[in-house]
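# Breakdown of the fold
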Amino acid sequence: MEASDRNRGPLGPIGQRVVYEDERVRVWEVSLEPGEQQPLHRHLNPYLVIAVEGGRNVIENVDGGRREVVEEPGGVVFREAGEVHTLTNVGTTRYVNRLVELKHV
């Protein structure tokens, strides 16, 4: 589903593909090679990020915020809904995760 951000135009998808979905959750696959960037996107639901292949990434949001995150294989992080950001793999290895959106919280 594409959304629109006031000053940025159309937003991209949260991941490359949906690997599972039901009435409660949607599971995305995110895979980034070194230097690759996930396009600007918005999280409409709170979500869990489960690192399949860990990596070093930079999250840049539309407000100018920038943070580096290092995720180890098997690590799990919870994040709230609402942020509009990109995700860039700044490491030297492929980064893969499963992002689990919680539809009814």
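Look a little higher up for the structure.
A brief report on the enclosed structure follows. (Residues numbered from 1 in each chain as written. Predicted model: local features only at pLDDT ≥ 70, side-chain atom pairs only at ≥ 80, totals over all residues. Heavy atoms only, no water.)

### Concerning the side chain of E101
In this structure, E101 sits in strand β11 (residues 95–102). When its relative accessible area of 1% is taken as the criterion, E101 is described as buried. Of the polar contacts made by the side chain of E101, one reaches the side chain of N45; its length is 3.1 Å. Sequence-distant contacts of E101, that is, excluding residues within four places in its chain, are made with I14, R24, V25, R26, W28, N45, P46 and Y47. (Helix = DSSP H or I, 4+ residues; strand = E, 2+ residues; numbered from the N terminus. Buried < 20%, exposed > 50% of the residue type's maximum accessible area, 1.4 Å probe, protein only. Polar contact = N/O pair within 3.5 Å; in protein donor to acceptor, adjacent residues only side chain to side chain. Contact = heavy atoms within 4.5 Å.)

### Concerning the nonpolar core
Across soluble globular proteins, you tend to see nonpolar side chains buried next to one another. Membership of the largest hydrophobic core is limited to 12 residues, which are I14, W28, V30, L32, Y47, V49, A51, I59, V69, L87, Y95 and L99. Elements that contribute at least two residues to this core include exactly β4 (25–32), β6 (47–53) and β11. Residues in contact with L99, not counting those within four places in the same chain, are I14, R26, V27, W28, H43, Y47, L48 and V49. (Core = buried A, V, L, I, M, F, W, Y, C linked by side-chain atoms within 4.5 Å.)

### A few points about the environment of H41
Tracing the sequence through the fold places H41 in strand β5 (residues 37–42). For the pair H41 and V84, spaced 43 residues apart in sequence, the C-alpha separation works out to 5.4 Å. Beyond its immediate stretch of four places on either side in the chain, H41 contacts L11, G12, P13, I14, E83, V84 and H85. Among the polar contacts listed, one links the side chain of H41 to the backbone oxygen of P39, at a separation of 2.7 Å.

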